[in-house]
Amino acid sequence: MDITRRAFIKTAAAQSAVAAAAVLFPGISFGAWKNLDTSSGGIEWKKAPCRFCGTGCGLLVGVSLDRAVAVKGDPNCSVNKGLCCVKGYHSIQILYGNDRYRKALVRKNGELVETPIQEALDLVAEKMKETIKDHGKDAVSIYGSGQWSIPDGYAASKLFKGCIGTNNVEANARLCMASAVTGFMTSFGLDEPMGCYDDIDHADVFVTWGNNMAEMHPVLFSRMLANRKTKTHVKIIDFATRTTRTSQAADKSIIFSPQTDLAVANAICHEIIRNKWVNEDFVEKHVSFRKGKTNIGYGTEDHFKFTDKEETADFREYKAFLQDYTPEKVEKISGVPAKDIKYMAALYGDPDKKVTSFWCMGMNQHTRGTWINNLVYNIHLLVGKISTPGNSPFSLTGQPSACGTVREVGTLTHKLPHGVVANETARKLAAEIWQVPVENIDPKPSYHTVEMFRALDRGDIRFMWIQVTNPMVTMPNLKRYRKGAQKQGRFIVLSEIYPTPTSDIADVILPSALWVEREGFFGNSERRTQHNEQMVPPPGDAMCNTWQLIEVARRLGYEKQFPWIREAYIEDIWNEYIQFHDNPKHRMASYKELKARSGVQWPFVDGMETKWRFNPEYDPAAKGDGFDFYGKPDHKARIWIRPYEPAAEFPDNEYPLWLNTGRILEHWHTGSMTRRVPILHKSAPASYVEINPDDAGALGVTNGSRVKVSSRRGSVVMTASINGRGLPPKGMVFVPFFDENHLINEVTLDAFCPISKQPDYKKCAVRLERA
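What counts as what
- Residues numbered from 1 in each chain as written.
- Predicted model: local features only at pLDDT ≥ 70, side-chain atom pairs only at ≥ 80, totals over all residues.
- Heavy atoms only, no water.
- Helix = DSSP H or I, 4+ residues; strand = E, 2+ residues; numbered from the N terminus.
- Buried < 20%, exposed > 50% of the residue type's maximum accessible area, 1.4 Å probe, protein only.
- Contact = heavy atoms within 4.5 Å.
- Areas by Shrake-Rupley, 256 points an atom, 1.4 Å probe, with all protein chains shown as cover.
- Lys, Arg positive; Asp, Glu negative; His and termini not counted.
- Charge placed at Lys NZ, Arg CZ, Asp CG, Glu CD.
- Pairing = 2+ DSSP bridges.
- Axes fitted to C-alpha atoms, helices over the stretch in contact; angles between N-to-C directions.
- Phe/Tyr/Trp six-rings, centres within 6.5 Å; stacked < 30°, edge-to-face > 60°.
- Core = buried A, V, L, I, M, F, W, Y, C linked by side-chain atoms within 4.5 Å.
- Domains from an automatic or database assignment.
- Salt bridge = Lys/Arg side-chain N within 4 Å of Asp/Glu carboxyl O.
- Expected span 1.5 Å × (residues − 1).
- Buried area = accessible area lost by both parts, 1.4 Å probe.
- Nonpolar A, V, L, I, M, F, W, Y, C, P; charged D, E, K, R; others polar.

Draft legend 1. Summary view of the overall build of the protein chain. Within the protein chain one finds 28 helices and 29 strands. Here the protein chain holds 771 residues, and the buried ones make up 66% of them. Considering only residue pairs separated by 6 or more positions, the protein chain has 74% of its internal contacts joining residues 24 or more positions apart. Split by element, the accessible area of the protein chain, about 26000 Å² in all, is 49% carbon and sulfur. In the protein chain, the 97 positive side-chain charges and the 88 negative ones have mean positions that sit 3 Å from each other.

Have a look at this one:
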């Protein structure tokens, strides 16, 4: 696969990053954008949520002559209050890359050829019909994205689950947020955070669990810093596997060995109990204890199956279990000094301190991702620091609508917009709203993301429609899944905006409209739904992903289920979709309300947003005079007995180093958009491998040296970074995954959490060699 042929990569390699920017944005320099006069009456400002990460910052986009010409933060949006990160401030430039897809492409004789879009849509529908006829309904699939607008995901779920009758619907949020979902569901019975960003303004202590917020959620981190600046007693504790910019800004940085966050979380609970810091009244009234299976595997083999077995436990059993997790014992496992474990426990245990915990990929991309989510909830539940201002265990999201589209709409194999496919009542409601026979909706989930691509490799799936995501960069153990997608008898449709490595496996490419080129909704980390109108026309034949799905659905004979007219279909879809959530636990704001405001938090009841769930003082669905964890039948949250278990793969003599992967400030995910923004590409033109100075010295490499990173699955050659923005401890290397010229996921392992099915990108064994 020649992934260096794309214009922005090729130009950057041959010339400077500035020259590359000139190729992509002819006639526009960064200076021209920076100095643009936005005071003239010819510019109209329109609100939209930011296109990057799950924070949900509000933007004001300046439009003139059908072109987005400027952008700034929306001061009326409570999320960011007018502030943006560097990606947000340059977000509109992603609209105007020179290599933007403007026409549909169909592969003929091995080459992608421009084709009228209606003809391309005809071919997509024909191939779907042919595949279903020859191989059955479960041979077709769709793989979407947390970048999907809510109507995109809703149309996909309705078409595939309701009309075609297959649960082969997945999204890339499986790779980033699935463990957060199963953590919420097992601990509380309902998904998504109970708190909100206002917790940042109220908290006295912040603990970031494996989360480099300074780069991944910089606007929220700035609110933390602002809180600390005005209240000198406020502390930020960075608990991580490497030193980052978050560590540098924190009051204390605590480094732990990979996977051992499980043991440390248990040790914190041990200390809370030992020191009698337990909020006994809260625990007695609002908590029950559970345990599940152990030694649960890692999912590295095809057809891996696992079902947990929930059993009742009690406080006495829980306390006895924690005897194996004294700070002194855990120090030997984790490398965290016992005094630091006791320090964190004292912060959580202090009744006069409000504590907010934040996490993202570090806890979720974990072979025990569900467990570590449970264990952090355990800490907050033991001390009763939950669902009140400033007391919040808070799972952040990495995509603009991983919550709104994937988790709320239910674009995962087991999900429906309001429940799960296995639930008969949920299926009946979906069938009624979708106007399909209830028998159409299969009660059995099919393939989660990793297994879906394994099924494509095996031939169990023959047709896959990929919308606005780049799995040929993001899938772990990537070589297997690229080869599988290229096998004979596979047909891949890609809805995209720019060429990516996933384009190389596509048989049809449909040009997609970007977010302000179409109307839509995103849902962010704090249960906030945000609307944007169409502001500028899409280029050429580019089409909204929702409308692509509608066009194909009609060609498949589902006109009744997809009756909408193009002038008003987004509003009609929204009005249909919110019927699924018409109850006090999840009621959504009306279309009119969302158009008028810079986002609305759900549950939205009697014109009021819900900032803190499960607390009757703030939540209309909660009953009583205390807390009401109404997601569980007994209205109690769960404290889970979950042990430490090692990673699926760990360093040995042949592969002596840990590999950790992730993102950086300037680029978002695979860089297919941000690398086309001149200033962002110039700032970080290529990926690299961070190496501890001691490891670099032993290897004989210096900053800028070329090194080969190898695992049992593959290798990549890249530049060494020593004492750069991040510093891994001795025995670990870190590689950002934004660069398609350095496909680090050819090296990673496709092990996953058996409960959430989310892969672990943070831990596998590698070796380094001078290249």
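Draft legend 2. Spatial organisation of the sheet that holds strand E19 (residues 508–511). Pairing is mixed across the open sheet formed by seven strands, whose spatial order is E5-E4-E19-E18-E17-E6-E7. With one partner strand each, in any of the chains shown, strand E5 (111–115) and strand E7 (169–171) form the two edges of the open sheet. With direction set aside, neighbouring strand axes in the sheet form an average angle of 20°. Seen against the sheet, helix H21 (residues 449–458) touches strand E6 (140–144), E7, strand E17 (463–467) and strand E18 (491–496) and runs at an angle of roughly 135° to E6.

Draft legend 3. Fine view of the packing of aromatic side chains. If you walk through the whole model with that rule in mind, you get 33 aromatic pairs. On the basis of an interplanar angle of 70° and a centroid distance of 6.1 Å, the ring pair of Tyr154 and Phe580 is categorised as edge-to-face. Taken together, the residues span a long stretch of sequence, with Tyr154 in helix H6 (residues 150–164) and Phe580 in the loop between helix H25 (569–577) and helix H26 (591–596) at a distance of 426 residues. Across the pair, Phe580 and Tyr154 agree in class, each one buried. Between Phe188 and Phe614, the ring centres sit 6.1 Å apart and the planes meet at 15°, which makes this aromatic pair stacked.

Draft legend 4. Layout of the nonpolar core. Core analysis: the biggest nonpolar cluster contains 90 residues, and Phe188, Trp209, Ile268 and Tyr318 have the highest contact counts within it. Shared between two domains, this core takes at least three residues from each, and those domains are domain 2 (122–176 + 407–563) and domain 3 (186–400). Residues within four places of Tyr318 in sequence aside, it is in contact with Cys269, Ile273, Phe289, Asn378, Leu382, Ile639, Trp640 and Ile641.

Draft legend 5. Here's a closer look at the sheet that holds strand E1 (residues 44–49). Taken in spatial order, the three strands of this open sheet run E1-E2-E3, and their pairing is antiparallel. A single partner strand is all that each edge strand has here, and the edge strands are E1 and strand E3 (67–73). In this sheet, neighbouring strand axes are inclined to one another by 35° on average, regardless of whether the strands run parallel or antiparallel. Taken together, the six bridges between strand E2 (residues 58–64) and E3 define a ladder with antiparallel strand orientation. Among the inter-strand pairings, Leu60 is bridged to a residue of E3, identified as Lys72.

Draft legend 6. How the structure looks around the pattern of salt bridges. Here the structure, examined in full by the defined rule, presents 58 salt bridges. With its nearest N and O atoms 2.7 Å apart, the salt bridge here joins Asp201 to Arg223. Within this pair, whereas Asp201 is found in helix H8 (residues 199–202), its partner Arg223 is found in helix H10 (residues 218–230), the two being separated by 22 residues in sequence. Between Asp281 and Lys285 there is a salt bridge; the shortest N-O distance is 3.5 Å. Here Asp281 and its partner Lys285 are both found in helix H13 (residues 280–286), four residues apart, which amounts to about one turn of the helix. Salt bridges linked by common partners bring Asp302, Glu451, Arg454, Asp457, Arg458, Asp460, Arg480, Lys487 and Asp750 together as one network.

Draft legend 7. View of helix H18 (residues 369–383). Taking 1.5 Å per residue as the helical rise, H18 with its 15 residues ought to reach 21 Å, and the 22 Å between its terminal C-alpha atoms agrees with that figure. A large share of H18 lies buried, amounting to 15 of its 15 residues. Where H18 ends, the next residue or the one after it, Gly384, has phi of about 70°, a positive value.

Draft legend 8. Region of interest: the environment of Gly489. Within the fold, Gly489 resides in the loop between helix H23 (478–485) and E18. For the pair Gly489 and Gly54, spaced 435 residues apart in sequence, the C-alpha to C-alpha distance is 37 Å.

Draft legend 9. Inspection of the domain arrangement of the protein chain at higher detail. Domain boundaries assigned for the protein chain yield domain 1 (3–96), domain 2 (122–176 + 407–563), domain 3 (186–400) and domain 4 (657–748). With 15 residues of domain 1 in contact, the opposing surface of domain 3 contributes 14 residues. For the pair domain 1 and domain 3, the summed buried surface comes to about 960 Å²; carbon and sulfur atoms form 58% of the total. Broken down residue by residue, the surface that domain 1 buries against domain 3 is led by Cys53, Gly54 and Thr55, which jointly contribute 44%. Applying the counting criterion to the domain 1 and domain 3 interface returns one salt bridge. We note a salt bridge from Lys81 to Asp201, for which the minimum N-O separation is 3.9 Å. Among the residues making up the side of domain 1 that touches domain 3, the classes are represented as eight nonpolar, four polar and three charged.

Draft legend 10. Focus on the pairing of strand E4 (residues 104–108). Looking at chain direction, E4 and E5 are connected through five bridges and run antiparallel. Each residue of the ladder has a partner; that of Lys108, found in E5, is Glu111. Linking E4 back to E5 in an antiparallel pair, the connection comprises two residues, with Asn109 at a positive phi of about 55°. Pairing of E4 with E19, which is carried by two bridges, proceeds in the antiparallel orientation. The partner of Leu105 across the bridge, within E19, is Ile509.

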